[in-house]
Amino acid sequence: MRKNIVFYVTRQYMKKNRRRTFTMFAGIVCMVLLMTCVFVGKETGIGYLQEVASLKKGKWHVSMFDITKKQYEEVEALTWVKETALSKTLGCIDFAQSGNEERPYLNVKGYTSHCFDWMNITLLEGRLPEKPGEIVVSESARQDGARIAAGDVIEADFFTRSVTGTDAEVKETVFPFQQLILHYGETVEVPENFPYYEETESFRENKEYTGQQGTYEVVGFIETPSYEDSSAAAYTALTFLEADILSEDVFNLTLKMDLDKVSDGYFMDIVKIAAGSKFDTNDTLLAFSGNSSEMTLNRLVRYMTIFFVVLIMAASVLLIYNVFNMSFQERSRYLGMLCSVGATGRQKKSSIFYETFYLMLFALPIGLGLGIGVIYVAMTVFRPYIGALMNMEEFVEACPVTIKIVPENLVMVAAFSVLTAVISAWLPARKIGKIGPVECIRGNVEKKSRQYKMSRMLYRAKAAEGMLARNNLTRRSQKTRSVQRAAAVFLVLLIVTAFGSSAVSRVVTLKLKASDFTMKRENYDYVMYGNDDIIYEAVKKEIQADPGITQAVEWGDLMFVGEVPGSVYSAEYDTARRDIFNLYYHRELTDEEYEQEAPTDSYVVNFMMVDDETLARMAEKTGADKKKLLDRERPAALVLNEGMMSTDSISVWEREPERYRYYRIHAMTDLQAGDVIPVSIYSPKEEKKQVMPLEIAGLGSHEELKDYVEEVGANYLWLFVNEGVYAQIGKIIESETGRYGMSDRRLMIRTNGEPNQLIERVKKLQDGNNAGVLLSGNEARMEFGDAIQSIANVLLISFVLLTSVICLLNLFNSVQGWMTGSSREFAVLKSVGMSGGQLRKMLLYECVGIFARALLVAGVFSALLIYVIRFGFHTLFGNIVIWLPVGLVAGAVVLAGSVLVGITLRCCAKVQKEEILENIRREG
Amino acid sequence: MEILRCENLSKVYGAGDAQVKALDDVSFSVEAGEFVSIVGPSGSGKSTLLHILGGVDKPTGGKVFIAGTDIHALNENKLAVFRRRQIGLIYQFYNLLPVLNVDENIVLPHLLDGRKMDKERLDMVVESMGLTERRNNLPGQLSGGQQQRVSIGRALFNHPAIVLADEPTGNLDRKTGVEIIRLLKESNRSQKQTLILITHDEGIALQADRMLCIEDGRITRDERIRMRQSTEEASNSGKHKDEFNAGSKGKDGFLPKQNTNSRGTAIGGDRQ
Ligand SMILES: Nc1ncnc2c1ncn2[C@@H]1O[C@H](COP(=O)(O)OP(=O)(O)O)[C@@H](O)[C@H]1O
Ligand SMILES: [Mg+2]
């Protein structure tokens, strides 16, 4: 006897309907595959990015320079520090064998063994030092023609380098690339990368021997380390450092974090311990390591995981449901027969579940295998793309793809797949379980008694196809309903994901860039910021003189300088601000409390100075009064009237907000053009506030100023002013010790497009934390936020494509069902003389009808889902503006339509190939 | 005038051991206006023959000429056009389109031909098929006999060169069957509609002008029929007096024939 007759019969029917079973199987495999892509792909992708990122600067997270044993112990005590390694700059020695007279020294550093690995030291020849008396030398020395080989011995006499100002005429000598300012008569120690000058008219270089001596044997050569500057006087040489270094006064420390334990507070921990000494963070690596701040890749990946899983589940549920539903008639017949011989409702239901899980049993390993294959292929294919995105091509090439399989993720794949299967089988199972035996056997063929007038279309010539199509659709719509449903699901998927992607991408943008108002700078190749006025001015002069630079205009901002009465800001702004404070205090603040915690009498306004040409163009876009705006005497400003506020952009000391919330502010001020803003500015010289009446020359929205301002928004009023007004304010805030408030000038640079040596030199400056100027190119901007966003977009698109596979399968299956069900009618039509062309035309008309209905249904559902998503995003994040990507949606509609027509015609051709007779003979 | 001629038709299904010779060297011709019945045991190849004549199936060998056209030499599209203009097919299971009402089903071949709707013709056909009351109903709402009348209407609508009916009464009770045959005969009589009809019922077969017997895919008999008929009918089919083979077979045909006659006369009279 069979163990379970219900299961046996189910299996027999599965065998009988191979195509249907296969569709369902393929659907489940697809689902498992996609789940695998989500969970395993996520792990693999992030792992890979970390691997690649570590190649850029090394595998360390934080480096601290010149710290003491006490500081070291403090670092070791931090819970989030996983490992530390030590190094020390031993100093310079003469390098007699040098082949380059401008580089006559060796800069000897000692590394403990971890450091060689963490700093990406690559051995080219010989071996790494294993004891203190051994060194490896940078390949750059050999490239310059140094007469040196492995086994050579170098006698070392260490010295320190300094320079002394020797010309009384020259008050100060600026070395912009070394961030050094030398005054007459002064002697300063020079940094490692200082070039070799010997003696010049204005300064002199000194060598001071420390008395420390040693003998070093060259044991190998290493690839030039990334930190070595080609213009430096010294080549890099590395020796082995023993742990007794701790007894010495100062040394350098490099650490790796425990990424599971580290929190946002790590930076402050380091700042506290460093207490003024230099430190550096490996931002490239940290950006991909997650956990270091809220806006990292990990957070994004989590959002996307949820989004994808929901998407996949929805598509799969509908596919499986549709397959079951289409075979409902047949199933209800055989289950009815079972029922009539005594099968219970539960047994009937179990048949559906049995079928699902039977298929799942085989689909799970296959889907997992295929998924891992897809990840491998995708990683391999996308590798160069990711590299290009992050400016890390060379590292990407050096890093092979490894699939990371974590057992938890496999469990997740299985769990979500099973859950999907249960959900999709549950509805049809319930439906079937409810039907009694008699209804099952008889089938629910209801005879309608409606009368149908002959279509008026008939009176027109050549209308047979249209009339047939119309009647097929209006008089027997249930026949095409599954097609309609499949098309609608496909449409909903495409539309909703288009919207969802735009929402996710929007949130990513906001989270990554929310912190500040940003000017667009695409028109410029580089922007140079100055940390140190003197160095900035010196470099600026060189840049303006460089023939390779076609334009260099100065912009500047002044932050937290101006104050205005609370009434300048709009009521909308105040509401948002108050909400945010409520979030920080985890309750509704009373009016008094709010006033006390966040005084509303005086608010900050910020200034942005742009060159006159840009300002004039901005005035044109916004319809502002150009004349007033460009007037250098009477202060006027163009107001950026749109803004935002979020729990990221406003923080309250020592408090954590209840949750993240974003507010888009449509109008920052209720004032109009022509109104005057009384801006008070603190003058340190007069020790009181001065009021500057500033006329509003015009107001602009993000849309109007989209060529100039990133549309992320700022949480303070930004006033665009000309150079003259900027200078007036600058004068007020000036004092002997510098400026009050934050002012930041920048040089917007456009080059002639050719490689520029000067730019390259300035670029080198920004390695390290205390650069006097910072130059950022357009490509440098791509590094984090944009790269992450691009990756997110690529992922979204890939997933929409992959999920479409399930939808297509569904559509294909329903169309095939429709065609098979209609083959007899096609045969009749052909027997009364319908030509193939007419048949196709008729089907085309039917497709149009089905699609129109699907579009209607999809429109309603999409609108509903979009509303829900929007609502979700709004409650989660705030009133973010999410655009429905119209182009994408239109594309999706066209795509879905053509797919429907394509599949229909293909299936029709297949059905037509079958002999007409077979169908005519079949009994009615 | 010869309206249909087939030469050495053969049809083989399957291959090798499973080969079935459904038709084996069948040749005959039919005159315009002739009413031919085909009889034979089940599985003898009647339907196969009819489908090949109707251009919905292709013969393995041989040719079919209808109104001078070698129909199997036409390409698929031309054959479709030929079918809708020159051939009316009637099946045992009606084969109506469930989504079209009576009117629409009847007028279908005409519309497929891209011609303007002929309301008068439609009214006439609907009326002569006795479907005036039901013209707005879908096939699912009609009885078997009514459905078959719709399919006859459809077959006749375009004045085809030849109407082929495959056991049109096989699925109907006797009384309804008689009614259907009367309608077909009527069209044959009044419109000179050439008619080939397959039947198991010898009573029906004997009402034809000529009877073909098929056994194992071959024509075993081809006989002219001279029935005892009313004066009216006798004068109509006068030219086929020569061969008369009645005997016992004739007796089966009596009862229905008389039945048919009385009504046929009535309707015929109306129209003439
Ligand atoms: N598609 C087919 N494949 C194989 N054999 C067939 C097919 N159609 C009909 N036959 C065979 O051809 C023979 C003639 O069939 P048919 O013309 O339907 O007989 P009738 O209509 O006289 O009962 C039968 O033996 C039948 O089994
Ligand atoms: Mg037959």
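Keep in mind the model is a prediction, meaning the values are calculated, not measured.

1. What to know about the overall build of chain B
So, point 1. Helix and strand counts for chain B come out as 9 helices and 10 strands.
So, point 2. Accessible surface computed for chain B: about 11300 Å², of which carbon and sulfur atoms make up 47%.

2. What to know about a nonpolar patch on the surface
So, point 1. Together, Tyr376, Val377, Val381, Phe382 and Tyr385 of chain A make up a nonpolar patch on the protein surface, roughly 470 Å² of accessible area in all.
So, point 2. Relative to the assigned elements, Phe382 of chain A resides in helix H10 (residues 345–390).

3. Some details on the sheet that holds strand E5 (residues 69–70) of chain B
All names here are of chain B.
So, point 1. Ordered in space as E2-E1-E4-E5, the 4 strands form an open sheet in which the pairing is antiparallel. Whereas interior strands pair on both sides, the edge strands pair on one side only; in this sheet they are strand E2 (20–31) and E5.
So, point 2. Strand direction decides the pairing type here: strand E4 (residues 61–66) and E5, joined by 2 bridges, are antiparallel. Among the inter-strand pairings, Phe65 is bridged to a residue of E5, identified as Asp70.

4. Section: the state of the cysteines
So, point 1. On inspection of all chains with the given rule, the structure shows 0 disulfides over all chains.
So, point 2. Cysteine Cys30 of chain A is unpaired, with the sulfur of Cys37 of chain A as its nearest cysteine sulfur at 10.0 Å.

5. Topic: the pairing of strand E8 (residues 180–183) of chain A
Residues and elements named next belong to chain A.
So, point 1. Residue alternation in E8 divides its side chains into a buried set, Leu180 and Leu182, and an unburied set, Ile181 and His183.
So, point 2. Sheet topology places strand E7 (residues 172–175) next to E8; 4 bridges connect them, and they run antiparallel. Considered in E8, the bridge of Glu172 is made with His183.

6. Overview of the environment of Ala165 of chain B
Residue and element names in this part refer to chain B.
So, point 1. Here Ala165 shows up in strand E7 (residues 162–166).
So, point 2. Separated by 111 residues in sequence, Ala165 and Gly54 have C-alpha atoms that sit 9.8 Å apart.
So, point 3. Excluding anything up to four places from it in sequence, Ala165 contacts Leu50, Ile90, Leu184, Ile196, Leu197 and Ile198.

7. Considerations on the pairing of strand E20 (residues 676–683) of chain A
Residues and elements named next belong to chain A.
So, point 1. Bridge count for strand E15 (residues 549–565) against E20 is 2 bridges, and the pairing is antiparallel. Along E20, the bridge assignment pairs Gly562 with Ile681.
So, point 2. Relative to strand E21 (residues 688–700), E20 runs antiparallel, the two sharing 8 bridges. The residue bridging Ser680 from the neighbouring strand is Val691, located in E21.

8. Section: the packing of helix H5 (residues 144–157) of chain B against helix H6 (residues 174–191) of chain B
For any two helices packed against each other, the geometry comes down to the angle between their axes and how far apart the axes lie.
Residues and elements named next belong to chain B.
So, point 1. Where H5 meets H6, the axes come as close as 10 Å, and the angle between the chain directions of the two elements is 15°. With respect to each other, H5 and H6 are oriented roughly parallel. Pair H5 / H6 crosses with right-handed handedness. Between H5 and H6, the contacting residues are Gly145, Gln148, Arg149, Ile152 and Leu156 on the first element and Thr176, Ile180, Leu183, Leu184 and Ser187 on the second.

9. Overview of the sheet that holds strand E9 (residues 210–215) of chain B
All names here are of chain B.
So, point 1. Overall, mixed pairing links the 6 strands, which are arranged E6-E7-E8-E3-E9-E10 in an open sheet. Each edge of the open sheet is held by one strand with a lone partner, namely strand E6 (87–90) and strand E10 (218–224). Averaged over all neighbouring strand pairs, the angle between strand axes comes to 15°, with direction disregarded.
So, point 2. In terms of strand pairing, strand E3 (residues 35–39) meets E9 through 4 bridges, oriented parallel. Paired with Val36 across the bridge in E9 is Arg210.

10. Focus on the nonpolar core
So, point 1. Residues Ile28, Met819 and Met842 of chain A together with Ile106 and Leu108 of chain B are the most contacted members of the largest nonpolar core, which totals 152 residues.
So, point 2. It is helix H15 (residues 481–513) of chain A that provides the largest number of residues to this core, a total of 17 residues.
So, point 3. Every residue in contact with Met842 of chain A, bar those within four places of it in the chain, is listed here: Glu465, Leu468, Ala469, Asn472, Phe826, Leu829 and Met834 of chain A.

11. As for the confidence of the model for chain B
Residues and elements named next belong to chain B.
So, point 1. Chain-level statistics for chain B give a pLDDT mean of 80 and a share of 83% at 70 or above.
So, point 2. Taken as a whole, residues 230–272 scores under 50 in pLDDT and shows 51 contacts with residues more than four places along the chain or in a different chain.
So, point 3. Listed scores for the predicted complex are pTM 0.66 and ipTM 0.76.

12. A word on helix H17 (residues 571–585) of chain A
Residues and elements named next belong to chain A.
So, point 1. Its 15 residues place the ends of H17 21 Å apart at the C-alpha level, agreeing with the 21 Å of an ideal helix rising 1.5 Å per residue.
So, point 2. For H17, the set of buried residues is Tyr573, Ala576, Arg577, Ile580, Phe581, Asn582, Leu583, Tyr584 and Tyr585.
So, point 3. Contact partners of the buried residues in H17: helix H18 (591–597), strand E16 (602–609), strand E18 (643–646) and strand E19 (662–665).

About the criteria used
- Residues numbered from 1 in each chain as written.
- Chains lettered and ligands numbered in written order.
- Predicted model: local features only at pLDDT ≥ 70, side-chain atom pairs only at ≥ 80, totals over all residues.
- Heavy atoms only, no water.
- Helix = DSSP H or I, 4+ residues; strand = E, 2+ residues; numbered from the N terminus.
- Areas by Shrake-Rupley, 256 points an atom, 1.4 Å probe, with all protein chains shown as cover.
- Patch = residues over 30% accessible without salt bridge, like charges linked within 9 Å, V, L, I, M, F, W, Y side chains within 5 Å.
- Salt bridge = Lys/Arg side-chain N within 4 Å of Asp/Glu carboxyl O.
- Pairing = 2+ DSSP bridges.
- Disulfide = S-S within 2.5 Å.
- Buried < 20%, exposed > 50% of the residue type's maximum accessible area, 1.4 Å probe, protein only.
- Contact = heavy atoms within 4.5 Å.
- Axes fitted to C-alpha atoms, helices over the stretch in contact; angles between N-to-C directions.
- Parallel < 35°, antiparallel > 145°, perpendicular 65-115°, else oblique.
- Left-handed = near helix turned anticlockwise from the far one by under 90°.
- Core = buried A, V, L, I, M, F, W, Y, C linked by side-chain atoms within 4.5 Å.
- pLDDT = per-residue confidence, 0-100.
- Expected span 1.5 Å × (residues − 1).

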